[in-house]
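Structural overview
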Amino acid sequence: MIFERLDASELAVGTEELARGLIGVVLVRDSVDGRSAGRIVETEAYVIGDPASHAYMGPRQRNATMFLEPFLSYVYLIYGTSFCFNVTSEPRGEGAGVLVRALEPLDGIELMERRRRSDSLRDLCRGPGRLTQALDIDRSLDGRSLLTDPDLWLARAPRARGPIGVSRRIGITRAAHRRLRFYERGNPFVSGPRTLSPP
DNA sequence: TAGGCGATGCTCT
DNA sequence: GAGCATCGCCTAG
């Protein structure tokens, strides 16, 4: 499948704006095993000064990438079992990012099924830990520029996107009331409780 | 279909 | 020593 690489002028700067703007954009993973790719259908914004953000306590070894520049990959291990993939979103010195929570599988579906050891299309990339497993994303891909990297990059949306829904973020305790989760309404590949989607 | 819970390793207090 | 931007398996209904 052919994808066209995005350039910086097509992406919003600013964390909340980027979280909205990434809906519909394609995340492409090229590895020795082949290509796998999916359309982003769900994101969460972790903004400047956000108590729920890894950047809140300032730069550390783990979160250093968040303080560099926009459109880098920030990958970390959560609960000792799953990786989460984020896109950095603010200029150097400001720590912020957008968590990608779910993809609609587009390309390399058999490859993703092998990595996931599952043939459930709907669950292949539905959830932050699942999509990183499906695309073989781990800490070795932290800090890559998604505009220039050959292995992990962003591509132009293949079709118009549907209406965007907004809700509280999932799985956090601090600043849990803030409505910083964005998703394509009605898309079956969106994660989370079906009831957590007031307009 | 929903809710409870263990696995597992790193970060922070 | 507690908590965590999760997942998958189990049970109850």
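For every chain, the first residue of the written sequence is number 1, and numbering continues from 1 along that sequence. Chain A is the first chain written and ligand 1 is the first ligand written, with later ones labelled in order. Two thresholds apply to this predicted model, a pLDDT of at least 70 for residue-level local features and 80 or more for giving and counting side-chain atom pairs, whereas whole-chain, interface and lining totals are computed over all residues. To get the side-chain values, all heavy atoms of the structure are used, and hydrogens and water are removed first.

Here we take up the protein's contact with DNA strand B. Residues are classed as near a molecule or strand on a simple rule: at least one heavy atom within 4 Å of it. Looking at DNA strand B, the residues that line it are Met57, Arg60, Arg62, Tyr79, Gly80 and Thr81. Of everything in DNA strand B that lies within 4 Å of the protein, sugar and phosphate atoms constitute 56%. Each residue receives one of three labels: charged for Asp, Glu, Lys and Arg, nonpolar for Ala, Val, Leu, Ile, Met, Phe, Trp, Tyr, Cys and Pro, and polar for the others, Gly being one of them. Its residues placed into classes, the surface near DNA strand B shows two nonpolar, two polar and two charged.

Salt-bridge detection follows one rule: a side-chain nitrogen of Lys or Arg within 4 Å of a carboxyl oxygen of Asp or Glu. The full count for this structure, using the stated rule, is 16 salt bridges. The residue Arg181 makes a salt bridge to Glu42 at a minimum N-O spacing of 2.8 Å. Separated by 139 residues along the polypeptide, Arg181 in strand β8 (residues 181-184) and Glu42 in strand β2 (residues 34-46) bring together distant segments of the chain. Of the two residues, Arg181 and Glu42, neither departs from the other in class, the shared state being buried. Between Asp151 and Arg144 there is a salt bridge; the shortest N-O distance is 2.9 Å. Each residue is placed in one exposure class: buried if its accessible area under a 1.4 Å probe, protein chains only, is under 20% of its type's maximum, exposed if it is over 50%, and partly exposed if it falls in between. Given the relative accessible area of 22%, Arg144 is considered partly exposed. Secondary structure follows DSSP: runs of H or I at least 4 residues long count as helices, runs of E at least 2 residues long count as strands, and numbering of each begins at the N terminus.

Around DNA strand C, 22 residues are found, and the nearest of them are Tyr76, Asn86, Arg116, Arg130 and Thr173. Here the atoms of DNA strand C within 4 Å of the protein split so that 50% fall in sugar or phosphate, with bases taking the remainder. Side-chain polar atom of Tyr76 to a base nitrogen of DNA strand C: 2.8 Å apart, as the coordinates give it. The term polar contact refers here to a pair of N or O atoms within 3.5 Å; inside protein, the definition further demands a hydrogen-donor-capable atom paired with an acceptor-capable atom, and it admits residues adjacent in sequence only when both atoms are side-chain atoms. Between DNA strand C and Gly129 there is a distance of 2.8 Å, counted from a phosphate oxygen to a backbone nitrogen or oxygen. Secondary-structure elements contributing two or more residues to the surface near DNA strand C are β3 (73-78), β4 (82-88), β5 (97-107) and α3 (128-134). Considering only residue class, the surface near DNA strand C consists of eleven nonpolar, eight polar and three charged.

Our next topic: the layout of surface pockets. Estimates place the volume of the largest pocket at around 720 Å³. In terms of lining, the largest pocket is formed by 32 residues, of which the most central are His54, Tyr76, Ile78, Gly171 and Ile172. For the lining of the largest pocket, the secondary structure elements donating two or more residues are β2, β3, β4, β5 and α3. A breakdown of the residues in the lining of the largest pocket according to their chemical character gives 15 nonpolar, ten polar and seven charged. Definitions used throughout: a 1 Å grid over protein atoms alone; a cavity as a set of points that fits a 1.4 Å probe which cannot get out; a pocket as an open set with protein on both sides within 12 Å along at least five of seven lines; a lining residue as one with an atom within 4 Å of a point. Grid points are joined across faces, edges and corners, and a volume is the space filled by probe spheres set on the points.

Before going further, it helps to spend a moment on the packing of aromatic side chains. The aromatic pairing rule takes the rings of Phe, Tyr and Trp, using the six-membered ring of Trp, and pairs them if the centres are within 6.5 Å, calling planes under 30 degrees apart stacked, those over 60 edge-to-face and the rest tilted. Enumeration according to the criterion identifies one aromatic pair in this entry. Between Arg62 and the ring centre of Tyr76, over which it is positioned, the NZ or CZ distance is 5.8 Å. A ring is considered to have a charge above it if a Lys NZ or an Arg CZ atom is located within 6 Å of its centre and within 35 degrees of its normal. Cation over ring: Arg169 sits above Tyr46, and NZ or CZ is 4.6 Å from the ring centre.

The subject of this paragraph is the confidence of the model for chain A. Here chain A averages 95 in pLDDT, and 96% of its residues register 70 or above. The predictor attaches a confidence to each residue, and that confidence, scored 0 to 100, is pLDDT. Any two residues whose heavy atoms approach within 4.5 Å are treated as being in contact. The model gives residues 194-199 a pLDDT under 50, and that stretch makes 14 contacts with residues more than four places away or in other chains.

Moving on, we come to the pairing of β4. Taking burial as the measure, the seven residues of β4 include five buried ones, the bulk of the element. If DSSP finds at least two bridges between two strands, the strands pair. Sheet topology places β3 next to β4; six bridges connect them, and they run antiparallel. When the bridges of β4 are listed, Tyr74 appears paired with Asn86. The hairpin turn running from β3 into β4, its antiparallel successor, is three residues long, and Tyr79 in that turn takes a positive phi close to 55°.

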